[in-house]
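Residue strings, one per chain:
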Amino acid sequence: MCGELRAQNAGEQVVLMGWVNRRRDLGSLIFIDLRDRTGTTQLVFDHSANPALHDKAGSLRSEFVVAAIGKVRRRDEETINRNIATGEVEVAISELRLLNESRLPPFLPSETGPLNEEVRLKYRYIDLRREQMQFNIELRHKVALAIRQYLSSQGFLEIETPFMTRSTPEGARDYLVPSRVHPGSFYALPQSPQLFKQILMISGFDKYFQIVRCFRDEDLRADRQPEFTQIDLEMTFPQPDRVYEVVEGFLKAAFKAAGHELKTPFPRMTYDEAIRQYGIDKPDLRLPKMAGIRAAFTEEDLTALNIDGSMNMVAIRIPKVGKLSDREKKELRTLAEDIAKRNKDFVGVFYDFVQLEKKRPETAAKIRELCSAEADDLIVPVVGIAGKSFSEKNKRAQYIAAGEGRLELARKYADRHDAFKRTGDPDKDFKWLWVTDFPMFEYDDKENRWSAAHHPFTSPHERDMDKLESDPGAVRALAYDVVLNGTELGSGSIRIHRQDIQKKIFHALGMTEEEARSRFGFFLEALEYGTPPHGGIALGLDRIAMILAGADSLREVIPFPKTAKAIDMMVDAPTPVNEAQLKELGIQVRKQ
RNA sequence: GGGGACGUAGUUCAGUUGGUUAGAACGCUGCCCUGUCACGGCAGAGGUCGCGAGUUCGAGUCUCGUCGUCCCCGCCA
């Protein structure tokens, strides 16, 4: 292959096939860099050695596909190219065959400059020839392979589940597939194989996994595609610890395949701690947590600064930001006002800490101490404003507001604190975390009811069982997330295996017996036939690959991704279909 | 659904206060070149300024609409 020849291959007769990456025509001497997936090798055509062959080489253009036969030879010391792996050798060609020509592509795979994503996606087959994309796709393969091998070695069976299944109204919007045989009826593409894997547990396949495509018809983000790949697994008789162990095991194997040694076990934190210390359920541990600063304020401070002493008081600290320019101060003020506004102005943000230091030097000094702040760190205290009345919900909202501010500031000053920069040390580059004890329910303000925070098959904490009716908001779930650098990589839980508890949960969700039966009847019935305790998790393979590739978007690790409007630019999907097709499916399209 | 950024040559971009013939780099074509490797030199081709209205004597530039791409909020159990 084009990337494999080394000095010790000198003298060998070789056949290379690949694409013309670059040509350097020096007149009676032509160099061609021939490229395949493994790299490039320099081919040499010398007019004095073979005029006809040299002329043939002169007609080659970028991305032509050729086969070349020749002898590997060591380069002279002064012509060695230290920048590439094959730089010590070149191939003196004796026979050249043009396998295919190429139109001039809209961009060249060998170009390194920035490229509009629209062009890249339209000509994805060209884009994928670029070294970075070849690397990313191979990386993804290696990661998936390592995970398969690890899980298989641990006794997990990879079992496929249907793509054409039943629509369930819970959760994300479904992609629907019309049935020709049953006009007016639809299959749904799975949002995840959740119920099937639980059924497999009931069926006695005690350790299941699947690297599987999932589909959700929701709006996209840089880290969200309508179809994405999950590493889905489930096992019988597990404690959460057993799930953590398995996940840590395969992540370790996956990261090793990508060249990084991870330390396990990962740290853990309850949901409650995460909210209080980071204001978010997926903390990025590369940045300092928010410090409680109540102790810094005297009663007199509170009155003078119009602060409610019973509210949370935390300080955001962003390291090494240094002095702010006037413009940055103004931006910080705008950010603070946005945060306050989003929280109906019960949150107060000290956007000008320097001012506070002037007005209240002692208090400010104590805040610095409580944050363990260095002199050039940016400190932004977030407090509750006096005279407002606060609920528990307000308190949590305040932490979340501070957490949002923390992330926004961290992103803004990323080039100063360097916390997001790779160091090469996996302990610093990859900050892992298990977030545990999520709340079982969230209150849906729009629909005025409780909804499942994870999904309705999640088991509540044994201790909180009695609060299901009386205080649903306080019920904790045996649910956990695995978080890497502030990105949620996976989410799982111990499931309910008893029908009576499952019924209670549906009841707490405001679902009647009939509703539950009509939606999940088959599943409730299955629960009645000797269901073992079981639990599992699902992780986003695309996100793992994205982080390992150092990319900012899933599109960099998915060969054929969709745009923010869920369009495939290469094949131009989706499209309308003809009337006959619709008729056969019994579908009529409503005109807008 | 909402907010923001962008759209000019094949590609990446510049284009001043609205002014006469819209530029650069890379790529492309031709010629020259025997040690290049992002080869070099000379010459050349290449434009519906996303699209549609409007303001104006005059629009790449201003206004409105529309389409597309990206980012964020909502949404995503």
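Here we summarise the structure given alongside this text.

Procedures and definitions
Residues numbered from 1 in each chain as written. Chains lettered and ligands numbered in written order. Predicted model: local features only at pLDDT ≥ 70, side-chain atom pairs only at ≥ 80, totals over all residues. Heavy atoms only, no water. Near = heavy atom within 4 Å. Polar contact = N/O pair within 3.5 Å; in protein donor to acceptor, adjacent residues only side chain to side chain. Helix = DSSP H or I, 4+ residues; strand = E, 2+ residues; numbered from the N terminus. Nonpolar A, V, L, I, M, F, W, Y, C, P; charged D, E, K, R; others polar. Salt bridge = Lys/Arg side-chain N within 4 Å of Asp/Glu carboxyl O. Buried < 20%, exposed > 50% of the residue type's maximum accessible area, 1.4 Å probe, protein only. Phe/Tyr/Trp six-rings, centres within 6.5 Å; stacked < 30°, edge-to-face > 60°. Pairing = 2+ DSSP bridges. Contact = heavy atoms within 4.5 Å. Axes fitted to C-alpha atoms, helices over the stretch in contact; angles between N-to-C directions.

We now examine the protein's contact with RNA strand B. Among the 50 residues in the neighbourhood of RNA strand B, the closest are listed as Asp 25, Thr 79, Glu 90, Asn 116 and His 454. Across the atoms of RNA strand B situated within 4 Å of the protein, the share located in sugar and phosphate is 56%. Residue Ala 222 places a main-chain N or O atom 3.4 Å away from a phosphate oxygen belonging to RNA strand B. Listed by contribution, the elements that provide at least two residues to the surface near RNA strand B are β1 (13-25), β2 (29-36), β3 (39-46) and α2 (117-122). Of all the elements, β1 adds the most residues to the surface near RNA strand B, at 4 residues. Grouping the constituent residues of the surface near RNA strand B by class yields 15 nonpolar, 14 polar and 21 charged.

Looking now at the pattern of salt bridges. If you walk through the whole model with that rule in mind, you get 40 salt bridges. Its salt-bridge partner being Glu 513, residue Lys 503 comes within 3.6 Å of it at the nearest N-O pair. Remark: Glu 513 occurs in helix α17 (residues 513-527) and Lys 503 occurs in helix α16 (residues 499-508); sequence separation between them is 10 residues. On the basis of relative accessible area, Lys 503 is assigned to the partly exposed category, the value being 32%.

Once that is clear, we can look at the packing of aromatic side chains. Inspection of every chain in the model, using the stated rule, returns 15 aromatic pairs. Relative to Trp 432, the ring of Phe 266 lies with its centre 4.6 Å away and its plane at 5 degrees, an arrangement referred to as stacked. Within this pair, whereas Phe 266 is found in the loop between α6 (240-257) and β11 (268-270), its partner Trp 432 is found in strand β16 (residues 432-436), the two being separated by 166 residues in sequence. Comparing Phe 266 with Trp 432 shows no difference in burial state: the two are buried. Here the aromatic cluster, defined as three or more aromatic residues joined through ring pairs, consists of Phe 457, Phe 506, Phe 520, Phe 522 and Phe 523.

Ordered in space as β12-β13-β15-β14, the 4 strands form an open sheet in which the pairing is antiparallel. Sheet topology places β12 (291-292) and β14 (347-349) at the edges, where each strand pairs with a single neighbour. Examined bridge by bridge, β12 and strand β13 (residues 314-318) share 2 bridges and lie antiparallel to one another. Of the residues in β13, the one forming a bridge with Ala 291 is Ala 315. Taken strand by strand, helix α9 (residues 326-342) contacts β14 and β15 (378-384), and its axis lies near 170 degrees from that of β14.

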